[in-house]
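Spelled out, the chains give:
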Amino acid sequence: MPPTDTILIATWGLWLLAAAVAIGDPRVRRPFLLGLLVPGLGHISIGEKGRGLLVMIPVITLFVAGLILSDFRCVSPFDRHPLWGVLQAPAAGPTFLTWGLTRHLTLDHIGETYQVGCLYVGVACLLNLVGLCDLRDVCMKAARRKAGAT
Amino acid sequence: MSVTTAILLFLPPFVATELIAALPGALSAREALERGLRNTGRHLVLWAMTIGVLHYVAKWVMAHGPLW
């Protein structure tokens, strides 16, 4: 097996394992899934509107800017860009939605800002991972407070 | 791509990273925003100083040859 495939399989396995651990905890499950589908929505769903907007606005702005810079061709986790796809997995909702909408596009030429666009989208998705880690912290703290109050 | 364009393109992910990286550990969104903006300014200055020093070191090496 080529080393690239090994890295891809190992990283996807790691993401799936991390997601399974988060989803397995009932205190985190619903907000985590919402945050995975729409960056920042998990925070908003537990009443942390400010934190949610602080995740949502930068992540979605960077994601859309990256798509524009790369002519809407940089999100394709299983055919055009499997390696970038690994970085894009933490924002599963926008990634798979964009992939579905841009599957018919082909990579005929690489423009001047194409790689910058790929980098923007990759950074946006990894920043959503930081947002999800913060969401888990907030949920756990709220659960501990609730347990202490009863 | 000109150097100015490259620097301008570098800024949005930089600012977004600083803002979201300030979230874990912050007690409120306001505190995270303030800390993120403060860190953005601080790290931009450090980044500009580093690039500036490297620029002059590179120019010196180009003019005089490598140090060894």
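Residues numbered from 1 in each chain as written. Chains lettered and ligands numbered in written order. Predicted model: local features only at pLDDT ≥ 70, side-chain atom pairs only at ≥ 80, totals over all residues. Heavy atoms only, no water.

Draft legend 1. Just the interface of chain B and chain A, in detail. In this complex, chain B contributes 16 residues to the contact, which on the side of chain A involves 17 residues. In total, about 1,500 Å² of surface goes out of reach between chain B and chain A, with carbon and sulfur atoms giving 76% of it. Three residues stand out in chain B for area buried against chain A, namely Met1(B), Ile20(B) and Leu23(B), and they jointly supply 39% of the buried area on that side. In this assembly, chain B and chain A are joined by zero salt bridges. Our count for the chain B to chain A interface comes out at three residue pairs in polar contact (both at pLDDT 80 or more). When contributions to the side of chain B that touches chain A are tallied by element, the ones reaching two or more residues are α1 (3-21) and α2 (29-64) of chain B. A per-element tally of the side of chain B that touches chain A places α1(B) first, with seven residues. For the side of chain B that touches chain A, the residue count by class is 14 nonpolar, two polar and no charged. (Contact = heavy atoms within 4.5 Å. Buried area = accessible area lost by both parts, 1.4 Å probe. Salt bridge = Lys/Arg side-chain N within 4 Å of Asp/Glu carboxyl O. Polar contact = N/O pair within 3.5 Å; in protein donor to acceptor, adjacent residues only side chain to side chain. Helix = DSSP H or I, 4+ residues; strand = E, 2+ residues; numbered from the N terminus. Nonpolar A, V, L, I, M, F, W, Y, C, P; charged D, E, K, R; others polar.)

Draft legend 2. Examining the packing of helix α1 (residues 3-24) of chain A against helix α2 (residues 29-37) of chain A more closely. All names here are of chain A. Packing of α1 against α2 brings their axes to within 7 Å, and their N-to-C directions diverge by 140°. Put simply, α1 runs oblique to α2. The segment α1 lies against α2, with Ala19, Ala22, Ile23 and Gly24 engaging Arg29, Phe32 and Leu33. The residue makeup of the contact of α1 with α2, split by class, is five nonpolar, one polar and one charged. (Axes fitted to C-alpha atoms, helices over the stretch in contact; angles between N-to-C directions. Parallel < 35°, antiparallel > 145°, perpendicular 65-115°, else oblique.)

Draft legend 3. Spotlight on the side chain of Glu18(B). Relative to the assigned elements, Glu18(B) resides in helix α1. Among buried Asp, Glu, Lys and Arg side chains, Glu18(B) stands out as unpaired, with Arg42(B) the closest opposite charge at 8.5 Å. (Buried < 20%, exposed > 50% of the residue type's maximum accessible area, 1.4 Å probe, protein only. Lys, Arg positive; Asp, Glu negative; His and termini not counted.)

Draft legend 4. Up close: the packing of aromatic side chains. Following the criterion strictly, the structure yields six aromatic pairs over all chains and no others. Ring centres of Trp12(A) and Phe78(A) lie 5.6 Å apart, and the angle between their planes is 25°; on these two criteria the pair is classed as stacked. Here Trp12(A), found in helix α1, pairs with Phe78(A), found in the loop between α4 (49-69) and α5 (82-88); they are 66 residues apart in sequence, far enough to count as distant. The class of Trp12(A) is buried, set by a relative accessible area of 19%. Look at Phe10(B) and Trp47(B): their rings are 4.5 Å apart centre to centre, the planes differ by 15°, and that puts the pair in the stacked class. In this pair, Phe10(B) sits in helix α1 while Trp47(B) sits in helix α2, placing the two residues 37 residues apart along the sequence. Owing to a relative accessible area of 30%, Phe10(B) belongs among the partly exposed residues under this scheme. The rings of Trp12(A), Phe78(A), Phe96(A) and Trp99(A) are connected pair by pair, giving a single aromatic cluster. (Phe/Tyr/Trp six-rings, centres within 6.5 Å; stacked < 30°, edge-to-face > 60°.)

Draft legend 5. Broad picture of the confidence of the model for chain B. Counting all residues, the mean pLDDT for chain B is 90, and 97% of those residues have values of 70 or more. The ipTM for the predicted assembly is 0.85, set against a pTM of 0.87. (pLDDT = per-residue confidence, 0-100.)

Draft legend 6. Main features of a nonpolar patch on the surface. Residues and elements named next belong to chain A. Together, Leu37, Val38, Ile60, Val64, Ile68 and Phe72 give the surface a local cluster of nonpolar side chains, amounting to about 490 Å² of exposed area. Broken down by element, the nonpolar patch gets its largest block of residues, three residues, from α4. Looking at where valine 38 falls in the secondary structure, it is placed in the loop between α2 and α3 (41-45). (Patch = residues over 30% accessible without salt bridge, like charges linked within 9 Å, V, L, I, M, F, W, Y side chains within 5 Å. Areas by Shrake-Rupley, 256 points an atom, 1.4 Å probe, with all protein chains shown as cover.)

Draft legend 7. Spotlight on the packing of α4(A) against helix α7 (residues 114-149) of chain A. Residues and elements named next belong to chain A. Packing of α4 against α7 leaves a shortest axis separation of 7 Å and a crossing angle of 165°. Of the possible angle classes, the one that applies to α4 and α7 is roughly antiparallel. By crossing handedness, the relation of α4 to α7 is classed as left-handed. For the contact of α4 with α7, the per-class residue count stands at 16 nonpolar, four polar and two charged. (Left-handed = near helix turned anticlockwise from the far one by under 90°.)

Draft legend 8. Just the pattern of salt bridges, in detail. All names here are of chain B. Going through the model one piece at a time under the given rule, you end up with four salt bridges over all chains. A salt bridge links arginine 30 to glutamate 34; the nearest nitrogen and oxygen atoms lie 3.5 Å apart. One end of the pair, arginine 30, and the other, glutamate 34, are both in helix α2, four residues apart, so they sit about a helical turn from each other. Residue arginine 30 is classed as exposed on the basis of its relative accessible area of 65%.

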